[in-house]
Amino acid sequence: MSIITLHGINKIYGQGDIAVHALKDIDLELQQGVFYSIIGKSGSGKSTLLHILGALDQPTSGQMILEGRNVYEATADEQALLRRRRIGFVFQSYNLLPEHSVLENILLPSHLDGIEPDGSHLQEIVEVLEIGDKLRAFPDELSGGQAQRVAIARALITKPAILLADEPTGNLDEVAGREVLRLLKEFQTRLGQTTVLVTHDLDIARLADVIIEIQDGSIKSIS
Amino acid sequence: MLRRLSISGLKGRPRQTMILLSTIILSFFFVTIAMNLLSTSQINRVIQRREAFGEWSNVFVADQPDMADQLSQYSLTYSQNRILGRDSRFGLIATADESFWDMSNITLLEGSLPQELDEIVLTESQISYFPEKPTIGQTVLVTFAVARSDHEAYSFDPETVSMIDQDLTAANMYIAENWDTYRDRILRDQAQWQANRSEMIDRHLQQFVGYSSTFDREAEIERFVDLQNGRYARKLALFDTTTESLDERLSLISRFLETEQNYLIEEMIRDPLFVSRFSEGDSEEGLRQTAQLQLSFDNLIDRYLQAATARYSSELEAHDGTIFSTRNSYRVARYHQLDMMSHLYQHLPEEVIPGMTLEREFPLTSELVLHRKMTVSGIIDNYHQVWDGPYTQYATGFVSPETGRQLFEGGVSHSKLEANRSYQPPVHYFVHGTDPTAVERLFPNASHLFANNLGSGQETGLDEDVLSLILLAVITLVTAFSIFQISLIQFKKRLRKLALLRAVGATFKQLRHILAWESVYLISLGLPIGGLLGFVISYVLIWLNNRLTGDQLVMRINPDWLLWGYGLTLLSILIGLFVPMLRIGMVPLRGNVAVVNKSVMKSTRELLGDLTIHRQSLTSINRRHRRFTRKQQWIQLTLMSAIILILIGSYLLIYLAFGDYREKTVHSNMPDFELEAPFQQGLRVSRAFMEELESIPGVAGTELFVRGLKAFMWYDGVNQGELDRTFRQLIPDALHTEHYGTVEDFHLPEEEEYLIEDASVIDIYGIVADSQLEQAMVRMLPADFDLQSFRTEQQAILLMPSYQLDRSVGLETIDPARLETISREERMKQVLELSGAGHITYDIRRAAVMKHDQSTEQIDQVDLAIPLGATAGESKRKLNYIRQYRIPITSVIYHLPEEGFWPLSDTVQNPILFFSQYSMDSLYPYRMHSVLDFNIIYRYLGEEPAVRFGSSIIQVDQSDITEQGVTELKRLGFKNGYQVNSLYLQKQQLYTKGVRTGLIIGLLSATLLLIAVQIQTGSFRGQLEVERERIGILQSLGVTEKDFRRAYLKDALARVIEAIILAHAIIIIGLIVYLVTSGQSGDLITELRITLSDYKWLWHLGLILLFGFMGTLATYLPIGRILRRRPVENIRSLQ
Ligand SMILES: Nc1ncnc2c1ncn2[C@@H]1O[C@H](COP(=O)(O)OP(=O)(O)OP(=O)(O)O)[C@@H](O)[C@H]1O
Ligand SMILES: [Mg+2]
């Protein structure tokens, strides 16, 4: 069952001579519960595609259907609610709120939704991500890997249907990178999510169910 | 190369360059305005003073030749104007020297000032006296009369008195020598009187024709017959004593004349004609005193001279083009008129007795009339509005000093008459300066000294010069600061580029050069643009000022000040630009200086500790964020508060700048003109005159009241009062007798001396029925106040000052030198304030905080002693009588009505007794002099007599003050014998001062506002960048725009409200400091209420709302722009 469908997505930055055609006529269908990885050279349009999938950006043209809803024709507030409830996004640079403790950061999405998170779910996340002893720490007291795991935890807390992660392993050493990947994989199977991971590390990409290769803004292959 | 680099650098950062440039332009702009306004107001103030008052501080009218020596001895600039005489067309002609024209700034309308011999200029007002308008170059015959000697032949002229004395001595001698014959003559005349009785009675009754119907004819006949018979009987009794000694006879005669005086007084007070001049309330004692004055030797002399006929003699001479005639006038008394001195002399023989002549000449005036052909060289503007000297000495024609010399030294001094040869025309000395008391202090004994009081500076709370200098200081400081800030920010942004240059081998020196070139470009662009704009706007501001105030300010540029201002600004710009450059040494090669210094930030845990987790919301997240950015929050709050503070503060300051205007003119009810007649004008006469005044276009209203002179008030316990005791202790001895008077000045039985000695000095005012003042008084008084009996009976309202005394101050006599320049009206108030002992006031607004002597509440009657010193002989001679009254007090008040009453509201003189105008009439006797018998004049005119002593004051308000209106008002005033006091000039001065101070405050606040807004938006924009990142993250976590908007709107509102509260707190503190330092009395709340009583709160509220609206928008709108962006656009770390 497809959860997201992209139709003819184009993204053009700037205008005229300096216009950059970052995404060209992307048609893509993502199935529920599948682990995808997106690979491609630097500047090929991976992050742009992921932002479009996460309803964080506005495509120049094209449609995205998420769970039957046309995302980019919805209002800004409806998009915000989708991000809050259906999508989890893990940024490469974590983007944790520095003034809030780890636990607060993790709980933020569900608090914003006005609900107390499922306790056992929280416990599970914390245990699996091994951040139990850091819950009262603040972001500036964490290592890169720990921060990345907190960012993942925050993305997972609302049990989103889709988890999007932009090079979550980029700042980590190989061991830590693999560890994070393993966790993503574990939650994907546990929660039955659709997970999309951007990476340029082919070894990591291979762990995914489906590898989407992007070149110059177009999908070169899906395997 | 470096130059090109700097230009390309400037062009490469258009936004920053524009900000920097605009700041530089702004600072030159404001400095230009500040300096231009300062010099304009300074120079114009001098000009205005000249225009309004002339630059002479004092006018002497003196003929002392040594005055000039003394003046130059003190190295004072002065002009000497000889007063030549009065021509029927040119008016009063005077010589004018160069320094007069320099000082007086009289505008030449046509032609030229008189320089050559026989050139004459006239004021425009004189043109109407010519049959045709005189043309420049026209030769006219000028004929002017010089009142060479004014021999007023009155009782105080010793020459006159000695002549009459001679005649009386001769008459007495004749009677003594012809003792028995004279007795026979009396007997003969008595028989004749008996024979012609009915004829004499008829003639006597003639006087009563047209007289009051209540007159009892029969009684009058009886009185008259008794009077005549009594006189004969007494006269004949004189000769009953038979003695052969001449000396004895003479002494018998003088004793007779002495005792006869008392009989005559008794006769007089029974004379219905005499009594009719008095009000019913006058006591018999008062009548007797007046009769005594009328029958005094001095008064008899005056009547004798009045009865004499006038005669003239004339002589014509010519010298060197000047023709002059000498005209003498005399009073000629004939021998037979001597009986006016006493009825004893009625029986002198027809033929002239030895020692006397048939006619006796009493010289009156000696007039010199000069005729000379002169050429009209020019017409000058009227300067009556600049004239602060005696009106009768206001010259309307001017000739050169040389012409003056030709007329007198060249002409009159060759006369064959000694009196002409020795005549020197009087000289006016105009003394340059702006301190009207200066000359007075130098020449304390100078007579005819007229200080140019209106020309003196007015003191106000805020001084414009100081404000302008503050403006300059603020501009330079703010310029330096903001340029420093801007260039520092730029500098940080440019570090990378500079580092790059360093990396490719540029030395620090070269980098500095690049920056220096940039400054040169910026300044060479900013100075001319800002300067030019400044000139344009200062011109506009001055124009605006003229429109608002009716000023005639002309823009003046003072290059020195401008240079100073530019120098200072340049310096501050350079400091602002170059100080950040000192940091150029820090430029690292990498060029990546962290914008936020992490080590400065406290670790989060330190700040928050182990906190428990609450349900989080956008509000709580934002709150948390604000805790971490307290410094920025404070900066924002401070800046916002500064903006609202400037808005409200400047409005308040502008309001305060008009404080003097409000206090001195509005609340004291200052009229535009005060017309004062030095005698008490009859009501009907005044009404007619007031109506005439009201018909002048622009006159909005007139108000009349009457003022008596200083008097003495005594009541039981008058000296027990706290205020009186304090004042007596403080006032220096020298002023003590002057203020309170001494018993030596008065004829008083010893047992009544306390009525002067212990009394309180008061002023007396008469309130006209139905006047605004009466209405205001009635409104203030208790409801049971009986207005009707106040109007008709001799009773008074007593106004006592309310006061506040500082007990802790030791009461020491105040140094007289400190009181030198203080007028009597101000004295009581100033003595208390200068000593620090306390304050007094009549201001009802201070009633709550002032106290009053409780014992005075009980006063229900007072003993009033009115000196009559000046009544009989004008001010020339004191007769030293007093009149005493016991006056019932209907109310004691401690404040004036709220409407104010000029001039009392402004000054607080002594206690005041208010009478109705009618009952005040009865306080003073008639004017005794028959010299100008108003009684007779007004009886002919069918008007009430203007004879009571005191002064009539008509206050005039003009809604629209025009030159013509003022001229007409003055003309009418002078014509009717009123002294015209142009208070509107003072009002205008105060108002103009307010406007000018207001404009400067406005300008200052506009500067500050602009800069504050610039800094505020700059720093806010910096904060927004940080905020934008947070918003992006929260957006990605699914915070809706609606939530964002609600939270930020609440935020913006809260900040605005905080700023408003903070600003008000600061203003309240500022006001309190202002009130405390300006030495206001009373408690702060009352003072605050008074100070702000006219404050327009609606405007204040409007400003707050405006600020609230704009402030909210300014903080909220940029957020809205961010919110409309996609999350990825806001999270910059993604890009
Ligand atoms: N905000 C932007 N403005 C202009 N061009 C942009 C912007 N963001 C991305 N681009 C351009 O779009 C193209 C795709 O960028 P994108 O960030 O998606 O690449 P990427 O595949 O994620 O690269 P990397 O592996 O380096 O992260 C690039 O050519 C980039 O220069
Ligand atoms: Mg990328």
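I will try to describe carefully the structure that is included in this document. (Residues numbered from 1 in each chain as written. Chains lettered and ligands numbered in written order. Predicted model: local features only at pLDDT ≥ 70, side-chain atom pairs only at ≥ 80, totals over all residues. Heavy atoms only, no water.)

Glancing now at the interface of chain B and chain A. Across the contact, 36 residues belong to chain B and 36 residues belong to chain A. For the pairing of chain B and chain A, the buried interface totals around 3200 Å² over both sides, and the portion due to carbon and sulfur atoms is 56%. The tally of links from chain B across to chain A stands at three salt bridges. The partner of Asp-1043 of chain B in a salt bridge is Arg-84 of chain A, with the nearest N and O atoms 3.8 Å apart. (Contact = heavy atoms within 4.5 Å. Buried area = accessible area lost by both parts, 1.4 Å probe. Salt bridge = Lys/Arg side-chain N within 4 Å of Asp/Glu carboxyl O.)

All names here are of chain B. Across all of its chains, the model carries 30 aromatic pairs over all chains by this definition. Measuring from centroid to centroid gives 5.3 Å for Trp-101 and Phe-398, while their planes differ by 70°, and the two rings are edge-to-face. Of this pair, Trp-101 sits in helix α4 (residues 98-104) while Phe-398 is found in strand β10 (residues 397-399), placing the two residues 297 residues apart along the sequence. Here Trp-101 and Phe-398 have matching classes, each one buried. Ring centres of Tyr-765 and Phe-914 lie 6.0 Å apart, and the angle between their planes is 45°; this geometry places the pair in the tilted category. (Phe/Tyr/Trp six-rings, centres within 6.5 Å; stacked < 30°, edge-to-face > 60°. Helix = DSSP H or I, 4+ residues; strand = E, 2+ residues; numbered from the N terminus. Buried < 20%, exposed > 50% of the residue type's maximum accessible area, 1.4 Å probe, protein only.)

That bond from Trp-902 of chain B to Pro-903 of chain B is cis: its omega, 0°, falls within 30 degrees of zero. Within the element layout of this structure, Pro-903 of chain B appears in the loop between β21 (882-893) and α30 (904-907). Non-glycine residue Ala-55 of chain A carries a positive phi angle of around 60°. Mapped onto the elements, Ala-55 of chain A comes out in the loop between α1 (46-53) and β4 (61-66). At Lys-159 of chain A, a position not held by glycine, the phi torsion is positive, near 50°. With respect to the helices, strands and loops of the structure, Lys-159 of chain A is situated in the loop between α5 (144-156) and β7 (162-166). Note on Lys-159 of chain A: relative accessible area 39%, which makes it partly exposed.

To continue, consider the pattern of salt bridges. Pairs may arise between side chains of opposite charge once their charged atoms sit close together. Using the criterion set out here, one finds 48 salt bridges over all chains in the structure. A salt bridge links Arg-360 of chain B to Asp-167 of chain B, with the shortest nitrogen-to-oxygen separation between them at 3.1 Å. In this pair, Arg-360 of chain B is assigned in strand β9 (residues 359-380) and Asp-167 of chain B in helix α5 (residues 158-177), connecting sequence segments 193 residues apart. By the burial criterion, Arg-360 of chain B is buried, and Asp-167 of chain B matches it. Salt-bridge contacts for Glu-663 of chain B lead to Arg-845 of chain B; the nearest nitrogen and oxygen are separated by 3.0 Å. Of this pair, Glu-663 of chain B sits in helix α22 (residues 659-666) while Arg-845 of chain B sits in the loop between β19 (838-841) and β20 (861-867), and the two are 182 residues apart along the sequence. Here Arg-845 of chain B falls in the buried class, since its relative accessible area comes to 19%. One salt-bridge network, held together by shared partners, links Glu-124, Glu-179, Arg-182, Glu-186 and Arg-190 of chain A.

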